[in-house]
Amino acid sequence: MAGKKINRRQVVKNISLGIGAMGFTNSIMAAQYTDTYLKNSLEHSKMSLKGNINHSVCRWCYQNIPLQEFAEKGKAIGIKAIDLLKPDEWKIVQDAGLECSLATDTFASITEGFNDPKNHEKLQKQYLNLISEASNAGIKQVIVFSGNRNGISDQEGWEQCAKGLDSLVKHAEKNNVTLIMELLNSKVDHEDYQCDHTPWGVALVDKIGSSNFKLLYDIYHMQIMEGDIIATIRKYNEYITHYHTGGVPGRNEINDSQELNYPAIMQAILTTGFKGYVAQEFIPTYNDKLEALKEGITICDV
């Protein structure tokens, strides 16, 4: 269905032209047929998904759509979960039959993270509560950030992140929650962010040494910083527990208007045995934002 956007007005027009001489009653029948056709098309789209990828989507890209409506319509096109939801949003999504695939809260800061010891006490207190809340709600993943360098060396960044996260990782282990640090680009979107290369994040995972601390591999961000996406995924897949998408350049739709071959990337992810979520995190440019999301899901459904 992606790329062949159903235009209800045009369908009605075509049907009506074909049977116009048949009178008012048949026009009503045409409209009823059109409604059934459109409904069945949506159901066909949902049922045609292969089921190999667990599809998710980042909430912030669709803020203009009320969350309950977004959850219901997202579910209809094959979404199983929504990323980056705050505690007051979790139940809305769960009541719609979806999961929160990645929890956050308003205090989570990309720039002021665990690489700076002055942030530890505050972040530890806040994250301890968030981990407990997530666990009680049945949510399995919580996002964390390294913070900006601000002159902090790679070595010091590893040391301080490990120190600041230690008590939280232990709490996460007890509560069946995984903390995941996101890899972000420092070239275009997040200047000076420290966890901006996969090997840096991998070294931190090794230093912490817990299965409850992993990486969020953002394909958009890492294409900008280092490229070689498929080879990196193959090499470091055991360190990755979550993926984000986005078109490069621009962070828009992931179709052939951008440079990444997402079907090939998704196939590489599947080959590693990955069972987690792939969340769409592109900024839609289409007038119909949900049609853009549906297209992204279709592209990634290998």
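For the structure itself, consult the block above.
A few points on the structure.

What counts, and at which threshold
- Residues numbered from 1 in each chain as written.
- Predicted model: local features only at pLDDT ≥ 70, side-chain atom pairs only at ≥ 80, totals over all residues.
- Heavy atoms only, no water.
- Phe/Tyr/Trp six-rings, centres within 6.5 Å; stacked < 30°, edge-to-face > 60°.
- Buried < 20%, exposed > 50% of the residue type's maximum accessible area, 1.4 Å probe, protein only.
- Helix = DSSP H or I, 4+ residues; strand = E, 2+ residues; numbered from the N terminus.
- Contact = heavy atoms within 4.5 Å.
- Polar contact = N/O pair within 3.5 Å; in protein donor to acceptor, adjacent residues only side chain to side chain.
- Core = buried A, V, L, I, M, F, W, Y, C linked by side-chain atoms within 4.5 Å.
- Arc of directions from axis to C-beta.
- Axes fitted to C-alpha atoms, helices over the stretch in contact; angles between N-to-C directions.
- Parallel < 35°, antiparallel > 145°, perpendicular 65-115°, else oblique.
- Left-handed = near helix turned anticlockwise from the far one by under 90°.
- Nonpolar A, V, L, I, M, F, W, Y, C, P; charged D, E, K, R; others polar.

Okay, the packing of aromatic side chains next. Within this structure, the stated rule accounts for seven aromatic pairs. With a centroid separation of 5.0 Å and 20° between ring planes, the pair formed by Tyr62 and Phe70 is classed as stacked. We note that Tyr62, like Phe70, is buried. An angle of 70° between the planes, with centres 6.0 Å apart, marks the rings of Tyr217 and Tyr243 as edge-to-face. Residue Tyr217 is found in strand 6 (residues 213–218), and its partner Tyr243 is found in strand 7 (residues 240–244); the two are separated by 26 residues along the sequence. Tyr243 matches Tyr217 in its accessibility class, with the two residues each being buried. Chaining the aromatic ring pairs together yields one cluster made of Phe107, Phe114 and Tyr127.

Here we take up the environment of Leu204. Tracing the backbone shows Leu204 in helix 7 (residues 198–208). Leu204 gets classed as buried once you look at its relative accessible area, which sits at 0%. Leu204 has contacts with Trp158, Cys161, Ala162, Met181 and Phe213, leaving out every residue within four places of it along the chain.

Turning next to unusual backbone geometry. Negative phi values dominate among residues other than glycine, just as trans dominates among peptide bonds. With an omega of 0°, the peptide bond between Val248 and Pro249 qualifies as cis. One can find Pro249 in the loop between strand 7 and helix 10 (262–271). Non-glycine residue Leu84 carries a positive phi angle of around 60°. Positive phi outside glycine occurs at Asn176, with the angle close to 55°. For Asn176, a relative accessible area of 49% translates into the label partly exposed.

Residue position: Thr198 is located in helix 7. One polar contact links Thr198 to Glu226, side chain to side chain, over a distance of 2.4 Å. Discounting residues that sit within four places of it in the chain, Thr198 has contacts with Leu183, Leu215, Tyr217, Met222, Glu226, Thr232 and Tyr236.

Looking at the secondary structure, you find Ser135 in helix 5 (residues 120–136). With a relative accessible area of 22%, Ser135 lands in the partly exposed category. Leave out the neighbours within four places in its chain, and Ser135 touches Asn175 and Val177.

What follows deals with the nonpolar core. If you look at the biggest cluster of nonpolar residues, it comprises 85 residues, and the most contacted ones within it are Leu165, Leu179, Met181, Phe213, Ile219 and Met266. Counting residues per element, this core draws most heavily on helix 6 (residues 154–174), which supplies seven residues.

We now examine helix 9 (residues 229–236). Of all the positions in helix 9, only Ile229, Thr232, Ile233 and Tyr236 are classed as buried. Buried residues of helix 9, seen end-on, are gathered within an arc of 100° and therefore sit on one face of the element. In helix 9, those exposed residues whose orientation departs by more than 90 degrees from the buried face are Arg234 and Lys235. As for helix 9, its buried residues are in contact with helix 7, strand 6, helix 8 (219–225), strand 7 and helix 10.

Turning our eyes to something else, we now look at the packing of helix 6 against helix 7. Across the interface, helix 6 lies against helix 7 with an axial gap of 9 Å and an inter-helix angle of 45°. For the element pair helix 6 / helix 7, the angle class is oblique. The two elements helix 6 and helix 7 cross, and the hand of that crossing is right-handed. The residues of helix 7 that touch helix 6, namely those facing Asp154, Gly157, Trp158, Glu159, Cys161, Ala162, Leu165 and Val169, are Trp200, Ala203, Leu204, Lys207 and Ile208. Tallied by class, residues from the contact of helix 6 with helix 7 come to nine nonpolar, one polar and three charged.

The analysis is restricted to geometry; functional conclusions fall outside its scope.
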